[in-house]
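# Topology and contacts: notes
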Amino acid sequence: MSRLYNKHIIVAISGGIAAYKSAELVRLLKTAGAQVEVVMTRGATEFITPLTLQALSGNPVHQHLLDPEAEAGMGHIQLARWADAILVAPCTAQVMARLAQGQADDLLGTLCLATTAPILLAPAMNQAMWADQATQTNANTLTTRGLKLLGPADGEQACGDVGPGRMLEPSELVAGLAQTFASHRLQGRKLVITAGPTREAIDPVRYLSNHSSGKMGYAIAQAAVEAGAKVHLISGPTKLATPQDLTCTQVNSATEMLAASQQACADADIFIASAAVADYRPAQVAEEKMKKTAADAGMTLQLVQNPDVLATIAQQYPALTCVGFAAETEKLLEHAQAKLHRKQVAMIIANDVSDTSIGFNSDDNQVHLVTAHGTETLPRLSKTQLARQLIDRISQLEQ
Ligand code: CTP
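These numbers come from a predicted model, not from an experiment.

### Some thoughts on the domain arrangement of the protein chain
When cut into domains, the protein chain gives domain 1 (2-180) and domain 2 (190-285 + 299-396). Between domain 1 and domain 2, the C-alpha centre-to-centre distance is 36 Å. Each partner contributes residues to the interface: domain 1 has twelve residues there, and domain 2 has eleven residues. A buried area of about 1000 Å², summed over both sides, lies between domain 1 and domain 2, and 43% of it is on carbon and sulfur atoms. Applying the counting criterion to the domain 1 and domain 2 interface returns one salt bridge. K7 serves as the salt-bridge partner of E226, at 2.5 Å between the closest nitrogen and oxygen.

### Here we look at the sheet that holds strand β13 (residues 270-273)
On the basis of which strands lie adjacent, the open sheet formed by eight strands has the order β12-β11-β8-β13-β16-β17-β19-β20 and mixed pairing. Edge positions in the sheet fall to β12 (247-250) and β20 (374-377), since each of these pairs with one other strand and no more. Neighbour to neighbour, the strand axes of the sheet diverge by 15° on average, direction disregarded. Summarising the sheet, strand β8 (residues 190-195) and β13 pair through four bridges and their orientation is parallel. Residue pairing across strands places L191 opposite I270, the latter belonging to β13. Its contacts with the sheet put helix α13 (residues 332-342) on β16 (321-328), β17 (347-352), β19 (368-371) and β20, and the angle it makes with β17 is roughly 155°.

### Description of the pairing of strand β2 (residues 35-40)
Of all six residues making up β2, five are buried, and the element is well covered by its neighbours. Pairing between strand β1 (residues 8-13) and β2: six bridges, direction parallel. Each bridged residue has a counterpart across the sheet, and for I10 the counterpart in β2 is E37. As a crossover connection, the stretch from β1 through helix α1 (residues 19-31) into β2 is right-handed.

### Description of empty space enclosed by the protein
What the rule picks out here adds up to two cavities of 30 Å³ or more. Quantified by volume, the largest cavity comes out at close to 50 Å³. Every residue lining the largest cavity is listed: T41, V95, R98, L99, Q103, D106, L108 and G109. At the level of secondary structure, the elements contributing two or more residues to the lining of the largest cavity comprise α5 (93-101) and α6 (107-114). The dominant element in the lining of the largest cavity, judged by the number of residues it contributes, is α5, at three residues. Class assignment for the residues of the lining of the largest cavity results in three nonpolar, three polar and two charged.

Parameters and conventions
- Residues numbered from 1 in each chain as written.
- Predicted model: local features only at pLDDT ≥ 70, side-chain atom pairs only at ≥ 80, totals over all residues.
- Heavy atoms only, no water.
- Domains from an automatic or database assignment.
- Contact = heavy atoms within 4.5 Å.
- Buried area = accessible area lost by both parts, 1.4 Å probe.
- Salt bridge = Lys/Arg side-chain N within 4 Å of Asp/Glu carboxyl O.
- Pairing = 2+ DSSP bridges.
- Helix = DSSP H or I, 4+ residues; strand = E, 2+ residues; numbered from the N terminus.
- Axes fitted to C-alpha atoms, helices over the stretch in contact; angles between N-to-C directions.
- Buried < 20%, exposed > 50% of the residue type's maximum accessible area, 1.4 Å probe, protein only.
- Right-handed = clockwise from strand over helix to strand, strands pointing away.
- 1 Å grid on protein atoms, 1.4 Å probe; cavity = no way out; pocket = protein on both sides within 12 Å on 5 of 7 lines; lining within 4 Å.
- Points joined across faces, edges and corners; volume = space filled by probe spheres on them.
- Nonpolar A, V, L, I, M, F, W, Y, C, P; charged D, E, K, R; others polar.

Following this line, the structure appears as structure tokens:
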């Protein structure tokens, strides 16, 4: 289930008897490590209480289109952006009809229109309703538009009928959802990625560092695993849990990061430098804890430049597809293009760190992809969604 680890999943529950199974669905998603927000239609609350879903998801349930508690009444747009996937379970015949028409008169309909994330539907209805031409036409319209149907299953129904229309079991829905995050784009490729900050020791208890959380690099590593790559993550100190199914080497300083990268890249195909490497380190590391001197005496630290991990790797392994980041506060594209040439890499992912709503510690990011062929601007996305897009674009660099 590791594919769902840390994924932002919206479980949208509509008004059908299978809604009682959605409680188990939410529980299983949480067990798989997903972050879950629950949306309920008015009909759904007739079958199961929001309190149950709140307790299981750990978050208040969203029921209204214009949520006065959400900033500027735009909670639905924030939710739509936050989602890595939306799973409508159960999805009634009526909700299918409304989604097929693109109706946006409630929270569920609006979210499905406003999101760029994959939408999965778990149909649940009487077998005759499922078989009806109107429902079948709606199902076709929705799948043609890229929505994915999970089920329905065949069998005995709550109303006593037997036939296709039952909602899949929660465990089957979780497996189907996890499948959405798998691709084979990087099957058989080895990818090395640096992430997080570096720490440059001053003495045994102090260091120079920066605010990098490592979230972007870890999300890319996870997306690369999902795309079938063999991944080696070289991480500076972060508070993040190590993703599963990859090799992780923990380092502290830029020098350690370079040594680990040089070793890992010897048989790699792609190198992505997402780490916020300290440009300088103290010229000398004091062996003992440094003591304060007289109250009025200042202190001067002499710094020397660190190796550039990305540029060194790109030079040492010319056949490797190298990708770097450029975090800038001004002249974003100009600096990014300069870095592309200076470091001799295939792509620079540029982001504006002067905007505090994206970048370093935020969950969202918005970037521009600069290559020798031009610049592509991606929309603002959650780091997980962005990571998947980046892996998609980076896999195309190799072709
Ligand atoms: N980088 C690196 N080693 C360094 C410095 C940077 O590998 N010592 C990598 C980063 O991981 C990133 C890219 O180079 O992918 C650009 O990093 P950035 O800090 O934006 O640029 P710098 O090269 O440090 O240039 P400047 O500080 O002048 O902006």
